[in-house]
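# A look at the structure
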Amino acid sequence: MRIFITGGAGYIGSHVVKELLKKNHQIFVYDNLSSGHRQAVLGGFFIKGDLEDKNKLNQVFKRYKPKVIIHLASFIEAEESMKKPEKYFKNNVLNGINLLEAMIKNKIKYIIFSSSAAVYQPQKFPLKEDSPLKPFNVYGQTKYLFEKLLEYFDKNYGLKFISLRYFNAAGADLSGLIGEDHRPETHLIPNILKVALSQKKYLEIYGNDYPTKDGTCIRDYIHVSDLANAHILALKFLLKNKKSKIYNLGSEKGFSVKEVLEMARKITSKKIPAKIKPRRIGDPPILIASSNKIKKELGWQPKYSDLETIIKTAWQFYQNYPKGFDR
């Protein structure tokens, strides 16, 4: 099957591509390489392009005639989104509309969307798909708005979608060939491991006065390979049932920043010094998922999402690529 993946050179996208290639799908990766890496794309056909370019999108769709779109391309940093909201609305929403319009124009009826736990108003835990939606930051607002767009495109044009609300993707492929390499890096586990590699002097912990057991933020970490596998199941469901659905993707366990740091110290056998810094804007205190719906309806079962495996696989990747992918 011909599958078109926006953002396929990114962290999550490259893992999704790898899993789809195992199933012998014909993959077309569309990425502007603003944050992704060509080296991370392990197969398929690569097209350098931007969602802002409506003409190129239409040309590519007409030429390759994909059956399904997997849409991962977006800006993802919550703190930056609060400082540069126009950047996030333009890329994550307006450019997303370009993609949807090109799909309708070229009669492509199926899309799997990379959404986020950031769409929720974090109150009661675990968060379920019907929990209140009130994004804590601009990044979450853009994901929420695109989900609403998908609902209207379903109603008006018959476009069927599955929206996967990711919690904290982490870890690396078990092969050690691909992993997380953002520049600059703002995610917790990579930054901890950069200290272990002596690339940073210490870990910055943003806030220790949250209403949690040790004062630091609590997050639900899901291994990126488990997340990628969920896309395979979503694809099968979407094509078979032709119904739009929304699912959470998380491990259903919460770990504080300090707990993650202690596990990394254990695995790396490094001291990994840390310093407390002021809170970052846009950070909710706790995010923990209920993934019961996707387990029940699609049969998804995470295999690698215990914290020890997540950090071990990430550490293996950084030992293979201590400075990240080649540019």
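My aim in this report is to walk through the structure given alongside it, one point at a time. Nothing here was measured: the structure is a model prediction, and the numbers come from that model.

It is worth spelling out the packing of aromatic side chains at this point. The full count for this structure, using the stated rule, is 13 aromatic pairs. When the ring of Phe317 is compared with that of Phe325, the centres are 5.4 Å apart and the planes differ by 55°; the resulting orientation is tilted. Pair check on accessibility: Phe317 and Phe325 agree, each one buried. For the pair Tyr321 and Phe325, a centre-to-centre distance of 5.4 Å together with 50° between the ring planes defines the contact as tilted. Neither residue differs from the other here; Tyr321 and Phe325 are each classed as buried. A network of ring pairs unites the aromatic residues Phe317, Tyr318, Tyr321 and Phe325 as a single cluster. One cation-aromatic arrangement involves Lys87 over Phe75; the distance from NZ or CZ to the ring centre is 4.6 Å.

Our focus in this paragraph is the sheet that holds strand β11 (residues 245-249). The parallel open sheet is built from seven strands, whose spatial order is β3-β2-β1-β4-β5-β6-β11. Where the open sheet ends on each side, the last strands, each with one partner, are β3 (45-48) and β11. Pairwise comparison of adjacent strand axes, ignoring direction, gives a mean angle of 20° for this sheet. As paired elements, strand β5 (residues 110-116) and strand β6 (residues 160-166) share seven bridges and run parallel to each other. Its bridge partner lying in β6, Ser116 is registered against Tyr166.

By the definition in use, this model includes 16 salt bridges. We note a salt bridge from Glu19 to Lys22, for which the minimum N-O separation is 3.2 Å. Highlighted residues: Glu19 and Lys22, both in helix α1 (residues 11-22), separated by three residues, approximately one helical turn. Relative accessible area serves as the criterion here: at 12%, Glu19 is assigned to the buried category. Its salt-bridge partner being Asp209, residue Arg279 comes within 2.9 Å of it at the nearest N-O pair. With Arg279 in the loop between β13 (274-277) and β14 (286-287) and Asp209 in the loop between β8 (203-206) and β9 (218-219), this pair connects stretches of sequence that are 70 residues apart. Judged by its relative accessible area of 43%, Arg279 falls in the partly exposed class.

What follows deals with the packing of helix α6 (residues 188-196) against helix α8 (residues 257-268). Following both chains from N to C, one finds α6 and α8 inclined at 40°, their axes separated by 10 Å at the closest point. Compared by their axis directions, α6 and α8 come out oblique. In this structure, α6 meets α8 at a crossing whose hand is right-handed. Between α6, through Leu188, Ile189, Ile192, Leu193 and Ala196, and α8, the contact on the second element is made entirely by Val257, Val260, Leu261, Ala264 and Thr268. When the residues that make up the contact of α6 with α8 are grouped by side-chain class, the tally is nine nonpolar, one polar and no charged.

Parameters and conventions
- Residues numbered from 1 in each chain as written.
- Predicted model: local features only at pLDDT ≥ 70, side-chain atom pairs only at ≥ 80, totals over all residues.
- Heavy atoms only, no water.
- Phe/Tyr/Trp six-rings, centres within 6.5 Å; stacked < 30°, edge-to-face > 60°.
- Buried < 20%, exposed > 50% of the residue type's maximum accessible area, 1.4 Å probe, protein only.
- Lys NZ or Arg CZ within 6 Å of the ring centre and 35° of its normal.
- Pairing = 2+ DSSP bridges.
- Helix = DSSP H or I, 4+ residues; strand = E, 2+ residues; numbered from the N terminus.
- Axes fitted to C-alpha atoms, helices over the stretch in contact; angles between N-to-C directions.
- Salt bridge = Lys/Arg side-chain N within 4 Å of Asp/Glu carboxyl O.
- Parallel < 35°, antiparallel > 145°, perpendicular 65-115°, else oblique.
- Left-handed = near helix turned anticlockwise from the far one by under 90°.
- Contact = heavy atoms within 4.5 Å.
- Nonpolar A, V, L, I, M, F, W, Y, C, P; charged D, E, K, R; others polar.

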